[in-house]
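Survey of secondary and tertiary structure
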Amino acid sequence: MIQLKLDIDQVFGFIPKEKIFDLNQQVVTSYRKIYNKTGAGADFLGWVDLPSQTTDEFIRHLSDHAAELREKSEVFVVVGIGGSYLGARAVIESMTHHFSALINKQTPHIVYAGQNISEEYLADLLDLLDIKHYSMVVISKSGTTTEPAIAFRVLRAHLERKYGVAEARKRIVAITDKSRGALKQVADSEGYRSYVVPDDVGGRYSVLTPVGLLPIAVAGIDIHELIGGARKMEAASRAVNKMYGNPIALYAATRQALYHSGKTTEIMVNYEPRLFYLTEWWKQLYGESEGKEHKGIFPAGVGFTTDLHSMGQYIQEGLRNIFETVISVEHATRELRVPAADTDLDQLNYIASKRLSEANLMAEFGTTLAHVDGGVPNIRIQLPAINADAIGQLIYFFEMGCALSGYMLGVNPFDQPGVEAYKKNMFALLGKAGFEDQTAALKERLKGKI
Ligand code: PA5
């Protein structure tokens, strides 16, 4: 049984119910394209039955390997970018103690590299790696992405200096294509332990492959439970391929109806700081899948109540092209109450002995109603708690919701042609062979700047 619930009551003041339910036929058609593999990008539908196809034996194998890596690592570096990093980070940060780096000595501290080209960032990371035992996983489906390739070259040299080449080889895991790409060649020639990113699973849909599962397991999170949650959502989705009784389809249809009514920005809202990277993962999934052919909802994210003190004004009274989707967590796993005070100088005795989660929930309801009054429709996704099972459900919910949304919008939700434009310019400016033709023209446009 899935525990995730969807509430769209706060949308009906903006668009009539029928406008959403009229989209049922589009939902049915989109589901057919997905399950029959007849839509655009049909070669990239491997994620659809990934949870049910992932065997318990493979999960055990990954967990055992992760335990070995944990043994020898105070720090574990995940090298990757985009879909080869955000999923792991989303799950790890959603279930890791906020201050684990300072108080947890049992599980390696997970850090990230290759998600930018900042010299400052990588130099700081090396300071940490100088004084900690570490190992790393390098992840790139294509095996040719510049950011992780640069970081890996730097980190590999550091690791080899620190431990010697033979031990460094035991501390590096590669996750890449089964046969293509520079990373595959390095991994083969160095004899790194490797995992394959399946051909039919694109980067941003790959969190439930070894791309996400290995780092998540190294962080000490139960990947069996995570896959279990995703399996439940996969089964629920397969059982009902229409809008009625299917929260995924209802989410896709609701955002589609809102988009057509002029709500072109969706703000993902959380009230738990540990969900920050889940929003980042969602932003990539939806932004890269829908934003093409000059169409698509712009995915944004905020963390409340923090951002109510920075973005709240805009959301309440700015341009009315936005809607919010709130991830609301029913049960906090820790208990903390507001203490009573004799003097009540801070005037908080009216909430004395109440849990902070109750204050957080009232902040959520108060904010939702204020924003609805201000012209911002609200979709609410309710999670029972933040645990591996619920996060697994949520991941599959968003993946399938994204595929349905893309097809309903009339785009291929599995390609990302626009990502190449910056790369070509960067290669030409850095002098990569094969890009010489563009170099002069680009330098002319940057005259006086480089
Ligand atoms: O979703 C995608 O395909 C992209 O975001 C990729 O994951 C990202 O560009 C990294 O690519 P790669 O894994 O090939 O290094």
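The residue numbering used here restarts from 1 in each chain and proceeds along that chain's sequence as written. Since the coordinates come from a predicted model, pLDDT governs what is reported: local features require at least 70, and pairs of side-chain atoms require 80 or more to be given and counted, while whole-chain, interface and lining totals use all residues. Water and hydrogen atoms play no part in the side-chain values, which are based on all heavy atoms of the structure.

Bringing the domain arrangement of the protein into the picture now. Here the protein is described as being made up of domain 1 (5-41 + 230-409) and domain 2 (50-225). Domain start and stop positions are those given by an automatic or database domain assignment. Of note, the centres of domain 1 and domain 2, computed from C-alpha atoms alone, are 29 Å apart. We define buried area as the total accessible area lost by two parts upon association, computed with a 1.4 Å probe and summed across both. Here domain 1 and domain 2 share an interface that buries about 2,300 Å² over both sides, 57% of which is from carbon and sulfur atoms. When the buried surface of domain 1 facing domain 2 is broken down by residue, Arg231, Arg274 and Tyr277 rank first, second and third, together holding 32% of it. Note on definitions: salt bridges are taken to be side-chain nitrogens of Lys or Arg within 4 Å of carboxyl oxygens of Asp or Glu. At the junction of domain 1 with domain 2, the criterion picks out 2 salt bridges. The salt bridge involving Arg204 is made with Glu288; its shortest N-O contact spans 3.0 Å. Two N or O atoms count as a polar contact when they lie within 3.5 Å, although within protein this holds only if one can serve as hydrogen donor and the other as acceptor, and sequence-adjacent residues are included solely when both atoms are side-chain atoms. For the interface between domain 1 and domain 2, the tally reads 12 residue pairs in polar contact (both at pLDDT 80 or more). Helix and strand definitions follow DSSP, with helices as H or I runs of at least four residues and strands as E runs of at least two, each counted in order from the N terminus. Of all the secondary structure elements, the ones that give two or more residues to the side of domain 1 that touches domain 2 are α12 (223-239), α14 (276-290) and α17 (388-409). Polar here means any residue other than Ala, Val, Leu, Ile, Met, Phe, Trp, Tyr, Cys and Pro, which are nonpolar, and Asp, Glu, Lys and Arg, which are charged; Gly is therefore polar. When grouped by side-chain class, the residues that make up the side of domain 1 that touches domain 2 number 14 nonpolar, 3 polar and 9 charged.

Let us look at unusual backbone geometry. At the junction of Phe304 and Thr305, the peptide bond is cis and its omega measures out at 5° in the coordinates. Phi is positive for Asp344, which is not a glycine, with a value near 55°. Topologically, Asp344 is positioned in the loop between β9 (322-331) and α16 (356-373). With a relative accessible area of 24%, Asp344 lands in the partly exposed category. The backbone of Ser353 sits at a positive phi, close to 75°, despite the residue not being glycine. When you line up the elements, Ser353 lands in the loop between β9 and α16. A 1.4 Å probe rolled over the protein chains alone gives each residue an accessible area, and that area as a share of the maximum for its type sets the label: buried under 20%, exposed over 50%, partly exposed in between.

Near the ligand, the surroundings consist of 13 residues, among which Ser84, Ser140, Ser142, Thr145 and Gln284 are the closest. In the model, an oxygen atom of the ligand is placed 3.0 Å from a nitrogen or oxygen of the Gly83 main chain. The backbone of Arg204 places a nitrogen or oxygen atom 2.9 Å from an oxygen atom of the ligand. Accessibility throughout is a Shrake-Rupley quantity obtained with a 1.4 Å probe, and a residue counts as covered only by protein chains that appear here. Look at the ligand: alone it shows 380 Å² of surface, and the protein chains cover 87% of it. We define proximity as follows: a residue is near a molecule or strand when any one of its heavy atoms falls within 4 Å of that partner.

The next point concerns a negative patch on the surface. On the surface, a cluster of negative charge is made up of Glu119, Glu120, Asp124, Asp127 and Asp130. By the secondary structure assignment, Asp130 is in helix α7 (residues 119-131). Given a relative accessible area of 49%, Asp130 falls into the partly exposed group. Without a salt bridge and with relative accessible area above 30%, a residue can belong to a patch; like charges are then joined within 9 Å and nonpolar side chains (Val, Leu, Ile, Met, Phe, Trp, Tyr) within 5 Å. As used throughout, the charge tally considers Lys and Arg to be positive and Asp and Glu to be negative, leaving His and the chain termini uncounted. Charge positions are represented by NZ for Lys, CZ for Arg, CG for Asp and CD for Glu.

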